[in-house]
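Summary of the model geometry
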Amino acid sequence: MARREAPAAGPGSRALVVDVVRSAVAVSRVELAELTGLTQPSISGIVRDLIADGVIHETGSADSVRGAPRKLLAINPANRFGIGFHLGPESVTCVAIDLTGGVVGREVVPLSDDFGQRFDDFVAGLDLPRDRIEGLAIVAPAGRVPSSRGVELAAQLGLPVLVENDSAAAALGEFWTRRVSRDQAFGSVYLSTGIGAGLVFGGALFRGASFDAGELGHLSIAYDGRPCPCGNRGCVERYASMAATVAAAREHPGLSARLRLDGSLPSAYDALARAAVSGDAEAFALVDEAAGYLAVAVTSTVNLLDLGRLVLTGPGMAVAGSIYARRLRNHLAATAHARRRHEVVVELSAQPRDAAAIGAAALVVQASIAPGHTRSPS
């Protein structure tokens, strides 16, 4: 009779075990062996090391049909912390999370280039033990922060420093804090001044050949459409980003004056979104139209990658996320290629404005306790 070979324990086995414990919340050693395919001796060794490192701990026991009750294992939340900074147009959102992704501290401060001092002040304000902080990640729109900045900061702080795209970081943050299983093909849509996406496969961010995967905003929905600075035409970013939606609203003089859309882009978009969800017909029509354009691009992405779960996040989803979610769910239910085989779950982020900062901190946590998923610190 053919025999299924269990995979040998290797460098990725620790990450595999951490992923299963994280998504299961509490699990026994026997269940870990069944879920990972690793042998019991391998599981015993990895679990022993993780307990010694303080990453997981025994939380109780569960009844067993045979023999003594099984000890349950869970992530040890407050053993270590990750710090994330998200650079916005005018401010920096600073977040600290524990090993499960729970937020233990947050502040928004004016934008400054002195990240080292900001890190020291933030950590001191939260009274976090320096020796239990695993590092810092700085996230922003692609290309805004050079990787060399991370190298300088790492030397200054004496800690690992990562530099990442904000939409990719947001996806990992949603994946980590929601305890999504590594078996799910998971993605997020990040709506801001532009449009980005993050993709998580096998528990790891998919970054592409040049760490530039997830440029959803430059997926064309009209081959002869509006020209885009990227050189393409008809990019969905030109129709559905916060900037595009506000520009369309400002072309309606009555609406623009009534809602006072002459301020900054974020404030103008929030005013338009609030009006849309409060029943203003003109405002709703503009936001719903943008959501319709976005639904077309997202459906193409879902069809290409066969995604099973999507989270909508970013500042553009903070007020009017329900309009986008409704549009996407309806469009996917009617047109997704795999709709008769599985549902594509569309969810709204619980913290859309902070998702990138939380994701930045999650990058640090994952790199620390589940090495192999995240590229090496700068």
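Procedures and definitions
All residue numbers refer to position in the chain's written sequence, counted from 1. Reporting in this predicted model follows two pLDDT cut-offs: at least 70 for local features of residues, and 80 or more for side-chain atom pairs to be given and counted; totals over whole chains, interfaces and linings ignore these cut-offs and use all residues. Calculated side-chain values reflect all of the structure's heavy atoms, with hydrogen atoms and water omitted. Elements are defined by DSSP. Helices are runs of H or I of four residues or more, strands are runs of E of two residues or more, and each kind is numbered from the N terminus. Multiplying one less than the number of residues by 1.5 Å gives the expected span of a helix. Three exposure classes are used, based on accessible area relative to the maximum for each residue type with a 1.4 Å probe and protein chains only: buried under 20%, partly exposed in between, and exposed over 50%. Strand pairing is defined by DSSP finding a minimum of two bridges between the two strands. What makes two residues a contact is simply this: any of their non-hydrogen atoms within 4.5 Å. Axis angles are defined between N-to-C directions and span 0 to 180 degrees, where every axis is a line fitted to C-alpha atoms and, for a helix, only to the segment in contact. Here the term cavity refers to a set of points on a 1 Å grid, laid over the protein atoms alone, in which a 1.4 Å probe fits but cannot get out; the term pocket refers to an open set having protein on both sides within 12 Å along at least five of seven lines, with lining residues being those that place an atom within 4 Å of a point. Grid points are joined across faces, edges and corners, and a volume is the space filled by probe spheres set on the points. Put simply, Ala, Val, Leu, Ile, Met, Phe, Trp, Tyr, Cys and Pro go in the nonpolar bin, Asp, Glu, Lys and Arg in the charged bin, and everything else, Gly too, in the polar bin. Definition used for salt bridges: Asp or Glu carboxyl oxygen within 4 Å of a side-chain nitrogen of Lys or Arg. An angle below 35 degrees is treated as roughly parallel, one above 145 as roughly antiparallel, one from 65 to 115 as roughly perpendicular, and anything else as oblique. By convention, orient the strands away from the viewer: a clockwise path from the first strand over the helix to the second makes the crossover right-handed. Here a pair means two rings of Phe, Tyr or Trp (six-membered ring of Trp) with centres within 6.5 Å. Their orientation is stacked below 30 degrees between planes, edge-to-face above 60, and tilted elsewhere. To sit over a ring, a charge needs its Lys NZ or Arg CZ within 6 Å of the ring centre and within 35 degrees of the ring normal.

**Considering helix α6 (residues 166-177)**
For an α-helix, the turn length of 3.6 residues means that residues three or four places apart are oriented alike. For α6, built from twelve residues, the straight-helix expectation of 16 Å at 1.5 Å per residue is met to within 8% by its first-to-last C-alpha distance of 16 Å. Counting buried positions along α6 gives eleven out of twelve residues, so the element sits mostly inside the fold. All of the buried residues in α6 are D166, S167, A168, A169, A170, A171, L172, G173, E174, F175 and W176. Of the residues one or two after α6, R179 is the one with positive phi, at around 55°.

**Topic: the sheet that holds strand β13 (residues 345-348)**
Pairing is mixed in the open sheet, where five strands are placed in the order β11-β10-β9-β12-β13. This sheet does not close on itself; its edge strands, each paired only once, are β11 (204-205) and β13. The pairing of strand β9 (residues 186-191) with strand β12 (residues 309-313) spans five bridges and is parallel. What sits directly across from F186, in β12, is R309. Of the strands in this sheet, β9, β12 and β13 touch helix α12 (residues 321-335), which is tilted by about 180° from β13.

**Considerations on empty space enclosed by the protein**
Throughout the structure, instances matching the rule amount to two cavities of 30 Å³ or more. Its volume calculated, the largest cavity comes out at about 70 Å³. Every residue lining the largest cavity is counted, 13 residues in all, and those nearest its centre are A168, F206, R207, F211 and A213. Residue assignment for the lining of the largest cavity shows that the elements contributing at least two residues are β8 (161-165) and β10 (195-201). For the lining of the largest cavity, the element with the highest residue contribution is β10, accounting for three residues. Tallied by class, residues from the lining of the largest cavity come to seven nonpolar, three polar and three charged. In this structure, the second largest cavity encloses a volume near 50 Å³. Lining the second largest cavity we find G187, S188, V189, A197, G198, L199, L216, V298, T301, V302, L307 and L310. Contributions of two or more residues to the lining of the second largest cavity are made by β9, β10 and α11 (281-305).

**Description of the pattern of salt bridges**
Side chains that differ in charge, positive against negative, can pair when their charged atoms come close. Summed over all chains, the structure comprises 17 salt bridges. The residue D53 makes a salt bridge to R14 at a minimum N-O spacing of 3.2 Å. Taken together, the residues D53 in the loop between α3 (40-52) and β2 (56-62) and R14 in helix α1 (residues 13-24) connect sequence positions 39 residues apart. Note on D53: relative accessible area 35%, which makes it partly exposed. Of the charged contacts, one joins R130 and D120 as a salt bridge, the two residues approaching to 2.9 Å between their closest N and O atoms. Here D120 lies in helix α4 (residues 115-126) and R130 lies in the loop between α4 and β7 (133-140), a separation of ten residues in the sequence.

**Here's the deal with the packing of helix α10 (residues 265-277) against α11**
When two helices pack together, their arrangement is given by the angle between their axes and by how far apart the axes lie. At their nearest, the axes of α10 and α11 sit 7 Å apart, and the two run at 110° to each other. It follows that α10 is roughly perpendicular to α11 by the angle criterion. Residue-level inspection shows L272, A275 and A276 of α10 in contact with α11, the latter providing A283, F284 and V287. Taken together, the residues of the contact of α10 with α11 sort by class into six nonpolar, no polar and no charged.

**Notes on the sheet that holds β7**
Within the open sheet, the five strands sit side by side as β6-β5-β4-β7-β8. Their pairing is mixed. What marks the edges here is a single partner per strand, and that holds for β6 (103-110) and β8. Within the sheet, the average angular offset between the axes of one strand and its neighbour, ignoring direction, is 20°. Both β7 and β8 contribute to a ladder of five bridges, which runs parallel. Looking at the pairing, A140 lines up with N165 of β8. Those strands touched by α4 are β4 (81-87), β5 (91-97), β6 and β7, and its axis lies near 130° from that of β4. Together, β4, β5, β6, β7 and β8 form the strand contacts of helix α13 (residues 355-369), whose direction differs from that of β4 by roughly 145°.

**What about α1?**
Over its twelve residues, α1 extends 16 Å from the first C-alpha to the last, a length consistent with the 16 Å expected when each residue adds 1.5 Å. Along α1, the residues that are buried comprise S13, A15, L16, V17, V18, D19, V20, V21 and R22. The first or second residue beyond α1 is V25, which carries a positive phi of 75°.

**Considerations on the pairing of β12**
Counting buried positions along β12 yields five of five residues, so the element is predominantly enclosed. The two faces of β12 match: R309, V311 and T313 on one face and L310 and L312 on the other face are all buried. Of the pairings in the sheet, the one linking β12 to β13 comprises four bridges and is parallel in character. When the bridges of β13 are listed, L312 appears paired with L348. Following the chain from β12 across α12 to the adjacent parallel β13, one finds a crossover that is right-handed.

**Details of the packing of aromatic side chains**
Summed over the entire model, instances satisfying the criterion amount to four aromatic pairs. An angle of 55° between the planes, with centres 5.1 Å apart, marks the rings of Y239 and Y293 as tilted. Within this pair, whereas Y239 is found in helix α7 (residues 237-240), its partner Y293 is found in helix α11, the two being separated by 54 residues in sequence. Residue class for Y239 comes out buried when judged on its relative accessible area of 11%. Exposure remark for Y293: the relative accessible area of 26% places this residue in the partly exposed category. Above the ring of W176, the side-chain terminus of R22 is found at 5.0 Å from the ring centroid.

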